[in-house]
Amino acid sequence: MAGTIQIKPGTKMRLALDVPAGQTPQFNMVSTFNKALDESAFLVSVPMRDGKAYVPEETQKILFQYGVGEETAVIAGYVDDVVKEGIRRFWKVRRVVEQRQFINRVDVRMKVGLPVQYMQDTWALNSAGEIDKESGETMDISNGGLAVCVNRWFGVGETCIFTLPRMGTESEGVPELEVVGVICWMRELPKGSAFRFVAGIQLRFADVQERIEMQKYVAYVKKRYKL
């Protein structure tokens, strides 16, 4: 996340339900931006649909489009709660990531389960003077981010180091890859799942080479799993 959302109160937003990659979202609802709560949450007026206040499913991602022309931007998020202020009601939205020029987006997330390990620099060292990594599994992957199933709750804005597994052969595969990511959102998984939580990760690259290495890794995943 790049700081608190910079949108003026009263800005009109066009809303759509998220759709699978390759389909065009239908921005057929209207809402008004009320205010940012922190760097990852904001309030908007509750939109109407078919004459009634729209009630989204808990797991339904909503797209919020605002601006015009080249300044058009889209924020994606989940509705966490309905907040009442006086006689008005607002959605409390937890954003996932801001996507500029959504229709032309090329950074498509591919659903694939890869075993990963993760750790934080602040974790305690073990007897060998190393940080014990924990195991997780990707839910999806892209050039710029991941959704990872984990058993530990993280706060939005925390930084983690993720180790993606070696894949393929030495001559035709990709090596193990270590990437740094910032937690954008956290959600509990249904009871009975292999993991307790799923985290949305936005990757941070120190230089162009790190970004290229991630792009190569994702390209190989796409080829191997025919995504």
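Residues numbered from 1 in each chain as written. Predicted model: local features only at pLDDT ≥ 70, side-chain atom pairs only at ≥ 80, totals over all residues. Heavy atoms only, no water.

Draft legend 1. Local environment of the nonpolar core. Core analysis: the biggest nonpolar cluster contains 33 residues, and Ile 141, Leu 146, Phe 154, Phe 162, Ile 201, Met 214 and Tyr 217 have the highest contact counts within it. With five residues, the single largest contributor to this core is helix α1 (residues 208–225). Among the nonpolar cores identified, the runner-up in size contains 17 residues, and Ile 5, Ile 7, Met 29 and Trp 91 belong to it. (Core = buried A, V, L, I, M, F, W, Y, C linked by side-chain atoms within 4.5 Å. Buried < 20%, exposed > 50% of the residue type's maximum accessible area, 1.4 Å probe, protein only. Helix = DSSP H or I, 4+ residues; strand = E, 2+ residues; numbered from the N terminus.)

Draft legend 2. Here's a closer look at the confidence of the model for the protein chain. Overall, the prediction assigns the protein chain a mean pLDDT of 86, with 92% of residues at 70 or greater. Within the protein chain, the lowest mean pLDDT, 76, falls on strand β8 (residues 88–100), and the highest, 96, falls on strand β10 (residues 115–119). A low-confidence stretch, residues 98–106 (pLDDT under 50), is modelled with 21 contacts involving residues beyond four sequence positions or located in other chains. (pLDDT = per-residue confidence, 0-100. Contact = heavy atoms within 4.5 Å.)

Draft legend 3. Quick peek at unusual backbone geometry. Positive phi is not limited to glycine here, since Asp 50 has a value of about 55 degrees. Mapped onto the elements, Asp 50 comes out in the loop between β4 (48–49) and β5 (52–53). Overall, the relative accessible area of 77% leaves Asp 50 in the exposed class.

Draft legend 4. Structural view of the pattern of salt bridges. This structure, assessed with the given rule, holds six salt bridges. Note that Arg 94 is salt-bridged to Asp 80, the shortest N-O span being 3.5 Å. Residue Arg 94 is found in strand β8, and its partner Asp 80 is found in strand β7 (residues 73–85); the two are separated by 14 residues along the sequence. We classify Asp 80 as partly exposed; its relative accessible area is 40%. Residue Lys 216 is joined to Glu 213 by a salt bridge in which the shortest nitrogen-to-oxygen separation is 3.9 Å. Separated by three residues within a single helix, Lys 216 and Glu 213 lie in helix α1, roughly one turn from each other. Relative accessible area serves as the criterion here: at 47%, Lys 216 is assigned to the partly exposed category. Via salt bridges that share partners, Asp 80, Arg 94 and Arg 187 belong to a single interconnected network. (Salt bridge = Lys/Arg side-chain N within 4 Å of Asp/Glu carboxyl O.)

Draft legend 5. Just the pairing of strand β3 (residues 41–45), in detail. For β3, the buried fraction is high: five of the five residues fall into the buried class. Burial along β3 is two-sided: Ala 41, Leu 43 and Ser 45 and Phe 42 and Val 44, pointing in opposite directions, are all buried. Of the strand pairs in this sheet, strand β2 (residues 29–38) and β3 are connected by four bridges, and their pairing is antiparallel. Each bridged residue has a counterpart across the sheet, and for Lys 35 the counterpart in β3 is Leu 43. (Pairing = 2+ DSSP bridges.)

Draft legend 6. Summary view of the state of the cysteines. Here the structure, examined in full by the defined rule, presents zero disulfides. The thiol of Cys 149 is not disulfide-bonded; the next cysteine sulfur, from Cys 160, is found 14 Å away. Owing to a relative accessible area of 9%, Cys 149 belongs among the buried residues under this scheme. Cys 184 carries a free sulfur, and the closest cysteine sulfur to it, the one in Cys 160, is 12 Å from it. (Disulfide = S-S within 2.5 Å.)

Draft legend 7. Summary view of the pairing of β2. When strand β1 (residues 12–17) meets β2, the two strands line up antiparallel, connected through four bridges. Each bridged residue has a counterpart across the sheet, and for Lys 12 the counterpart in β2 is Thr 32. Hairpin connection between β2 and β3: a loop of two residues separates the two successive antiparallel strands.

Draft legend 8. Quick peek at the side chain of Gln 120. Along the chain, the position of Gln 120 falls in the loop between β10 and β11 (134–141). Within the structure, the side chain of Gln 120 is placed 3.1 Å from the side chain of Glu 158, a separation counted as a polar contact. Here the side chain of Gln 120 touches Thr 159 through a polar contact of 3.1 Å, landing on its backbone oxygen. Those residues within four positions of Gln 120 in sequence are excluded, and the remaining contacts are Ile 131, Phe 154, Glu 158, Thr 159 and Cys 160. (Polar contact = N/O pair within 3.5 Å; in protein donor to acceptor, adjacent residues only side chain to side chain.)

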